[in-house]
Amino acid sequence: MEPIEHEDEIKKTIDKHGGLINKQMASNINNEREIKTYQKMNVVSLLKASALDGDIVSIEDKIYRIFNKITINNGNIQRIRRIVVLGDEGKTITTVLWDKNCNFIDSMLIQRGDRVSISSLKVKKSNDEIELTNTAGTYIVKTSPSYNFRSNFSEFIGNEKNIDILGRILSISPIRYFKDLDGKQSGVSECSITDGTTEAHVTMWRSSSTYSSDMHPGMYVKIEFASVKILEEKIEITASDTSRILIGQGLGALVGKTAKS
C-alpha cells in the first residue's frame, strides 16, 4: 500500500483526534485505513464521491481522448505508459495505463468516443485532484462503439483541428530524427493515405512518428485529434504528441460507418 502523505488528509486526521497527535502519528493512521472499493461509477459520480488515495474503483464512461503510448526507461527497466482521458468536456478524469493495458487499448480497437467499462483502477488523489491508474486486476471492455470520424476526404474544408480521420495507407517514409528546442531527440515521419478516391499527405511528429515502423501499404490507419489544412488543393494532415495513431486490420470494417445520433 502506498503511503498517504497529503497535508489535507493529515490535517483532517489530526483534527479528528482533537489535535492530540502529531503529523507522523496521523500519517500512520491514514496508512492503516481500510481501502474502499467503488463499483460501476461514471466520471461525474466519482468526482463527487469521497474516494481517497489508494481506493479501488470500477468505472464505466466514454473515452474523451487517448494519447499515444510512450516508452519510459528507468535504469535497466523499460515500461510502456499511456494516458486515457474518460468523461465529457469539462468533467474528465485522467487514467494512466501501463504495459499490457496500453497495448490492449490498441488491440481491441478502442477509440475516442467509445464507451468502456474498466475494472479495478486505483485512485491517486492529490489536492482534491483525482487520477486513476491500472492495477494487476484491471480489465477493459468496450460496451458501445463510436463512429465519429471522417473516412470521406471530400468533407475536409481546411483549417480544422482535433478531428478523427480514417484512411488506407499508400506509402510510408522512414522516420527522421532531430534535436528539438530542448536538445532532446525527436522524430518526424510521413505517409500518404487515401479514402479510395482522394489522397492526403500525413506528417507525424514526435510520439506519432514512432508508429511509422508498424505501417505497411494497404493497412488502415486512424488518426485521432489531427489537424487538417488544404494547400493548393492538396490535403495536409498533421499528427503530433497530442494526437493518437491507431493501426489495425479491423479498422477497414469501419469505413462507411457514421456516428450515432
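Everything below is about the structure printed above this text.
Colleague: Is there a simple way to think about the overall build of the chain in this case?
Modeller: A tally of helices and strands in the chain yields four helices and 14 strands. Overall size of the chain, expressed as C-alpha extent along the three principal axes, is 75 × 45 × 30 Å. Taken over 261 residues, the chain has a buried fraction of 42%. For the chain, the share of sequence-separated contacts (at least 6 apart) that also reach a separation of at least 24 residues comes to 57%. With an accessible surface of roughly 14,400 Å², the chain has 49% of that area assigned to carbon and sulfur atoms.

Colleague: Got a minute to help me understand the pairing of strand 1 (residues 37-41) in this structure?
Modeller: Side-chain positions along a regular strand alternate between the two faces of the sheet. Two strands pair when backbone bridges link them, and strand 1 and strand 2 (residues 56-66) are joined in this way by three bridges, in the parallel orientation. Note on strand 2: the bridge partner recorded for Tyr 38 is Val 57. What joins strand 1 to strand 2 is helix 3 (residues 43-48), and the crossover it makes is right-handed.

Colleague: Looking at this model, I keep getting lost on the pairing of strand 10 (residues 185-194). Mind explaining?
Modeller: Counting buried residues in strand 10 gives eight out of ten residues, a clear majority hidden from the surface. By the bridge criterion, four bridges tie strand 8 (residues 160-172) to strand 10 in an arrangement that is antiparallel. If you follow Ile 172 over to strand 10, its bridge partner there is Cys 191. Sheet topology note: the strand 9 (residues 176-179)/strand 10 ladder contains four bridges and is antiparallel. Across the sheet, the residue bridging to Phe 178 is Ser 186, located in strand 10. Here strand 9 folds back onto strand 10 in antiparallel fashion, the turn holding five residues, of which Gly 183 has a positive phi close to 80 degrees. Where strand 10 meets strand 11 (residues 199-205), seven bridges bridge the pair, whose relative direction is antiparallel.

Colleague: Looking at this structure, how should I read the nonpolar core?
Modeller: The nonpolar side chains of a soluble globular protein tend to be buried with one another. Counting residues in each nonpolar core, the largest one holds 24 residues, and the members touching the most others are Leu 46, Val 57, Ile 59, Leu 86 and Leu 132. For this core, the secondary-structure elements that each account for two or more residues are strand 1, helix 3, strand 2, strand 4 (77-88), strand 5 (91-98), helix 4 (100-107), strand 6 (115-126) and strand 7 (129-144). The contacts of Leu 86, once residues within four sequence positions are left out, are Val 43, Ile 59, Lys 62, Ile 63, Tyr 64, Lys 91, Thr 92, Ile 93, Thr 95, Val 116 and Ile 118. Ile 193, Met 215, Ala 239 and Ile 247 belong to the second-largest nonpolar core, a separate cluster that totals 21 residues.

Colleague: What's the story with the environment of Phe 67 in this structure? I'm lost.
Modeller: Along the chain, the position of Phe 67 falls in the loop between strand 2 and strand 3 (70-74). Overall, the relative accessible area of 22% leaves Phe 67 in the partly exposed class. Along the sequence, Phe 67 and Val 85 sit 18 residues apart, while their C-alpha atoms lie 8.5 Å from each other. Those residues in contact with Phe 67 that sit more than four places away from it in its chain are Arg 82, Ile 83, Val 85, Asp 241, Thr 242, Ser 243 and Arg 244.

Thresholds applied
Starting from 1, residues in each chain are numbered consecutively following that chain's sequence as written. Owing to the predicted nature of the model, reporting of local features is limited to residues with pLDDT of at least 70; listing and counting of side-chain atom pairs is limited to 80 or more, with chain, interface and lining totals taken over all residues. Each side-chain value is derived from all of the structure's non-hydrogen atoms; neither hydrogens nor water enter the calculation. Secondary structure follows DSSP: runs of H or I at least 4 residues long count as helices, runs of E at least 2 residues long count as strands, and numbering of each begins at the N terminus. Throughout, exposure labels follow a simple rule: accessible area from a 1.4 Å probe, protein chains only, divided by the maximum for the residue type, with under 20% read as buried, over 50% as exposed, and the rest as partly exposed. Note on contacts: a residue pair is in contact if any heavy atoms of the two residues lie within 4.5 Å. For every accessible area listed, the method is Shrake-Rupley and the probe measures 1.4 Å; residues are considered covered only by the protein chains on display. In this scheme, strands are said to pair when DSSP sees at least two bridges between them. Looking down the strands as they point away from you, a crossover is right-handed if its path from the first strand over the helix to the second goes clockwise. Buried Ala, Val, Leu, Ile, Met, Phe, Trp, Tyr and Cys residues that are joined via side-chain atoms within 4.5 Å together make up what is termed a nonpolar core.

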